[in-house]
Amino acid sequence: MERRTITAEDLYQFVWLSDPDVNPTDGTIAYVAKQVNEEKSGYRSRIHISSADGTKSKVFTHGEQDSAPVWSPDGQKLAFLRKKDKHQQIWTMAADGGEAEAITSAEFGVSAFSWSPDGSRLLYTASIDSSKKEEKEQLADDSQKSAKQVIVVDRLRCKADGRGLLDDKRTHLFVHHIETGQSVQLTSGDYDVHDSVWSPDGKEVAFSTNRVEDKEVDPDLVLSQFIYIINCEDRVCRRITESGLVIGKLAFSPDGQSIAFYGHDRQYENATLLKVYTVPAAGGAPECVTADLDLYVGNAAVTDMKGLGSSPLVFTSDGSAVYSLVSAEGNVQLARISLEGSCEYVTVGDREITQFTITKDGEQIVFISADRLQPGELFIKNLGTGQEQLIEAPNERLLAELTLSQPESFWFQTTDGWKVQAWIMKPPAMSAGDKVPTIVEIHGGPHTMYANSFMHEFQLLAAQGYAVLYSNPRGSLGYGQKFVDACRGDYGGKDYEDIMESVDQAIARYDFIDEDRLGVTGGSYGGFMTNWVVGHTNRFKGAVTQRSISNWFSFYGVSDIGYFFTEYQICAQPWEDPEKLWKHSPLAYVDNVQTPLLILHGEQDLRCPIEQAEQLYVALKRLGKTTQLVRFPDANHDLSRNGHPELRVERLNRIVGWMKQYV
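Small disclaimer: the values here were computed from a predicted structure and weren't measured. (Residues numbered from 1 in each chain as written. Predicted model: local features only at pLDDT ≥ 70, side-chain atom pairs only at ≥ 80, totals over all residues. Heavy atoms only, no water.)

With respect to the overall build of the protein chain
And step 1. Across its full length, the protein chain holds twelve helices and 39 strands.
And step 2. Over its C-alpha atoms the protein chain spans a radius of gyration of 25 Å, differing by no more than 12% from the 26 Å that the globule rule assigns to 663 residues.
And step 3. Referenced to the eigenvectors of the C-alpha coordinate spread, the extents of the protein chain come out at roughly 70 × 65 × 50 Å.
And step 4. In the protein chain, buried positions account for 57% of the 663 residues.
And step 5. Partitioning the intrachain contacts of the protein chain with sequence separation of at least 6 by distance along the chain shows that 56% fall at a separation of at least 24. (Helix = DSSP H or I, 4+ residues; strand = E, 2+ residues; numbered from the N terminus. Rg over C-alpha atoms; globule rule 2.2 N^0.38 Å. Buried < 20%, exposed > 50% of the residue type's maximum accessible area, 1.4 Å probe, protein only. Contact = heavy atoms within 4.5 Å.)

Here we look at the environment of Val205
And step 1. With respect to the helices and strands, the residue Val205 is situated in strand E16 (residues 204–209).
And step 2. A C-alpha to C-alpha distance of 34 Å links Val205 and Met305, two positions 100 residues apart in sequence.
And step 3. In contact with Val205, not counting residues within four places along its chain, are Leu123, Leu173, Leu186, Ser196, Val197, Trp198, Tyr228, Ile229, Ile230 and Cys232.

Focus on the packing of helix H5 (residues 494–509) against helix H6 (residues 525–536)
And step 1. At a minimum axis distance of 11 Å, the contact between H5 and H6 shows a crossing angle of 75°. As judged from the angle between their axes, H5 and H6 are roughly perpendicular. For the pair H5 and H6, contact is made by Asp495, Tyr496 and Ile499 and by Tyr525, Met529, Trp532, Val533 and His536, respectively.
And step 2. Residues of the contact of H5 with H6, tallied by class, amount to six nonpolar, one polar and one charged. (Axes fitted to C-alpha atoms, helices over the stretch in contact; angles between N-to-C directions. Parallel < 35°, antiparallel > 145°, perpendicular 65-115°, else oblique. Nonpolar A, V, L, I, M, F, W, Y, C, P; charged D, E, K, R; others polar.)

Some details on the state of the cysteines
And step 1. This structure, assessed with the given rule, holds zero disulfides.
And step 2. Residue Cys343 stays outside any disulfide, its sulfur separated by 13 Å from that of Cys288, the closest cysteine.
And step 3. The thiol of Cys487 is not disulfide-bonded; the next cysteine sulfur, from Cys571, is found 9.2 Å away.
And step 4. Given a relative accessible area of 1%, Cys487 falls into the buried group. (Disulfide = S-S within 2.5 Å.)

Quick look at unusual backbone geometry
And step 1. The omega torsion of the bond from Gly445 to Pro446 falls at 0°, within 30 degrees of zero and hence cis.
And step 2. Here Pro446 is to be found in the loop between strand E34 (436–442) and helix H3 (456–463).
And step 3. Residue Lys40 is not a glycine yet carries a positive backbone phi of 60°.
And step 4. Tracing the backbone through its elements, the reader meets Lys40 in the loop between strand E2 (29–36) and strand E3 (43–50).

Comments concerning the packing of H3 against helix H12 (residues 645–662)
And step 1. Their axes nearest at 11 Å, the elements H3 and H12 cross at an angle of 40°. It follows from the interaxial angle that H3 and H12 lie oblique. Crossing geometry of H3 relative to H12 is assigned as right-handed. Across the interface between the two elements, His456, Glu457, Leu460 and Leu461 from H3 touch Arg651, Leu652, Ile655 and Val656 from H12.
And step 2. For the contact of H3 with H12, the residue count by class is five nonpolar, one polar and two charged. (Left-handed = near helix turned anticlockwise from the far one by under 90°.)

Observations regarding a nonpolar patch on the surface
And step 1. A surface patch of nonpolar side chains, amounting to about 280 Å² of accessible area, comprises Ile151, Val153 and Leu165.
And step 2. Mapped onto the fold, Ile151 is located in the loop between helix H1 (133–145) and strand E11 (159–160).
And step 3. A residue is classified by how much of its surface remains accessible, and Ile151, at 56% relative accessible area, is exposed. (Patch = residues over 30% accessible without salt bridge, like charges linked within 9 Å, V, L, I, M, F, W, Y side chains within 5 Å. Areas by Shrake-Rupley, 256 points an atom, 1.4 Å probe, with all protein chains shown as cover. Salt bridge = Lys/Arg side-chain N within 4 Å of Asp/Glu carboxyl O.)

Observations concerning the pairing of strand E7 (residues 87–94)
And step 1. As judged from the eight bridges shared by strand E6 (residues 77–84) and E7, these two strands associate in the antiparallel manner. Of the residues in E7, the one forming a bridge with Ala79 is Thr92.
And step 2. From the end of E6 to the start of E7, which pair antiparallel, there are two residues, and Asp85 there has a positive phi angle of about 60°.
And step 3. Direction of pairing for E7 relative to strand E8 (residues 101–102): antiparallel, over a ladder of two bridges. (Pairing = 2+ DSSP bridges.)

As for the side chain of Lys625
And step 1. Checked against the element boundaries, Lys625 lands in the loop between helix H10 (611–622) and strand E39 (627–632).
And step 2. Comment: no salt bridge for buried Lys625; closest opposite-charge side chain is Asp591, at 4.2 Å.
And step 3. Here the side chain of Lys625 touches Val593 through a polar contact of 3.0 Å, landing on its backbone oxygen. (Lys, Arg positive; Asp, Glu negative; His and termini not counted. Polar contact = N/O pair within 3.5 Å; in protein donor to acceptor, adjacent residues only side chain to side chain.)

Structural notes on the pairing of strand E5 (residues 66–71)
And step 1. Summarising the sheet, E5 and E6 pair through four bridges and their orientation is antiparallel. Along E6, the bridge assignment pairs Val70 with Ala79.
And step 2. If you look at the hairpin formed by E5 and E6, you'll find five residues sitting between the two strands, and Gly75 has a positive phi there, around 75°.

What about H6?
And step 1. Spanning twelve residues, H6 covers 16 Å between terminal C-alpha atoms, matching the ideal 16 Å at 1.5 Å per step.
And step 2. The element H6 is largely enclosed, with a buried count of eleven among its twelve residues. (Expected span 1.5 Å × (residues − 1).)

Examining the packing of aromatic side chains
For any pair of aromatic rings, the description consists of the separation of the ring centres together with the inter-plane angle of the planes.
And step 1. This structure, assessed with the given rule, holds 30 aromatic pairs.
And step 2. Between Phe410 and Phe412, the aromatic rings sit 6.4 Å apart at their centres with planes inclined by 35°, giving tilted as the arrangement. With respect to class, Phe410 is no different from Phe412; both count as buried.
And step 3. Geometrically, the ring pair formed by Tyr450 and Tyr470 is edge-to-face, given 5.2 Å between the ring centres and 80° between the ring planes. Of this pair, Tyr450 sits in the loop between E34 and H3 while Tyr470 sits in strand E35 (residues 467–472), and the two are 20 residues apart along the sequence.
And step 4. A relative accessible area of 4% places Tyr450 in the buried class.
And step 5. An aromatic cluster is defined as three or more aromatic residues linked by ring pairs; in this entry it consists of Tyr491, Tyr525, Phe528, Trp532, Trp552, Phe555, Phe565 and Tyr589.
And step 6. The aromatic ring of Trp91 is capped on one face by Arg82, whose charged end is 4.7 Å from the ring centroid. (Phe/Tyr/Trp six-rings, centres within 6.5 Å; stacked < 30°, edge-to-face > 60°. Lys NZ or Arg CZ within 6 Å of the ring centre and 35° of its normal.)

Let's talk about the sheet that holds strand E21 (residues 275–280)
And step 1. Read from one edge of the open sheet, four strands run E19-E20-E21-E22, paired in antiparallel fashion. With one partner strand each, in any of the chains shown, strand E19 (246–252) and strand E22 (287–288) form the two edges of the open sheet.
And step 2. One ladder, built from two bridges, connects E21 with E22; its direction is antiparallel. Bridging from a neighbouring strand, Tyr277 pairs with Cys288 of E22.

Considerations on the sheet that holds strand E10 (residues 121–129)
And step 1. What the four strands build is an open sheet, ordered E9-E10-E13-E14; its pairing is antiparallel. Because the sheet does not close on itself, it has two edges, and the strands there are strand E9 (110–115) and strand E14 (183–185). On average, each strand axis in the sheet is tilted by 30° relative to the strand beside it, whichever way the strands run.
And step 2. When strand E13 (residues 169–177) meets E14, the two strands line up antiparallel, connected through three bridges. Opposite His176, over in E14, you have Ser183 as the bridge partner.

In structure tokens, the structure reads:
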């Protein structure tokens, strides 16, 4: 079969896998397969099941948006989330098939859930409206008077990207009793429950929250969490951590005596590496298990082809260690981390493990793995023999049609002695002796990393005849604490120099790069850096900035995270050091821009609101520069990864079109 190059429209054919879970009785694997729906108006996600050896598989549910499958402890039922109308609820289905049954009817839907150890109950989180009854009645009376309703804002954190205005809703814990069909609210108050887990005996639930006891403290300014344990019968709640840490992914030890979690002490604010901690369930000082490991636990990889979902910490059956994802040097691996602090990799190779689960007997792991030439396949690995078996490769047929570019990793040393990892991709149709234009890609975050994973955007650019250069400059995760912290307070400094040195290094190493035909693009922090690049050098012939930051002053007040992110990253407040905020704002250098700049931005982006794009665009137009602003309706900050399929394709084609015109 003659192969072809990839197109933007191939997005409509890809399948993304997520949420694997293993039946504890027969080893059947449930997982989610997501793809663009037939109308190209959104996504269809359905649950599939596969035999443990991968020889049999089938579609198990037929809802349009089914996700998060979890087998009951006895293996007789599969619970999952199904979205119908506006909200998602918990549904269950017998292991041998049949009709699915809705279990919950939460007013604003269910966000996450888990089975109790004995399978008699389901713990779930759901939003509730905390407005007082009399306030609601007043609003109802007012609605009779006028169709126009004001929105009263009292909270500092009053909106969130992808969610919009938060109103007075708070997320709390509920327990649903399977036998009676009744749901009981466990927690209440002016705070949000983040993560939760059952105790092994099913009598208690541990959860993380920003709940504070001091009523004078604004909970929206409490950017760390505490762990509480609540008794499911009398609902007595106690706090077991005293010092505020950033906390996530709780896991009870098998004996119920301790809780492991991801956390950090904010020493470097949001550039602080996540570590594994444990704390006694009876309460006490948390202990950092990985204090001596200069590693980031969790998945830090950024890609435009990843399924939704993440994996929790999982204890080994004897409680001596935990399984966790670890991000290091462009790879995401599964590791076994002992409570003494040693780390042993369970998976190897150039890849990104996106999610995993452990079989009940602890002898096998099931995981989803992506690499540079495919976006995600389902594997099972025997921990005793080390044998790894492919279970499901949903994109095998599509990928067999395509000629792809194999990214090549290289390292270089900066002029001031730092080691930086980068990748180069050649156009598939390039011949020996060709000189090709090159696009420099810059990731967002900045505290993420490019990885040995599949990037549709990069493959598309390579298919159009471009070499693609991308790197992990200072500020990226995966290279230790000092490296990830190195860009804070220095945006546009050494991080910018690392990117420019990656260009110089690539030109010196690869004779096919035409140094007179360079383009640059990036989104979020990568958009900020694209704006910064064109304001500080004219060596690029074309640039595309996406969901970017251009002005730290306005970003502070309009972004859903601006009030703390600006302080964390630029290390300044508007009223304390306005000169520093302006110094690091690309808008301050707009008069220097000579590079034709395409500005892409979602109209509902609350992380980097569209006024950032508008300011930059108006200034460039006023100065007579070559620019264009493309607004994506109803698109938030997640456009490139999970946005409307047709808008994602439009975005890709706009990038290619601009580069073809100017590079």
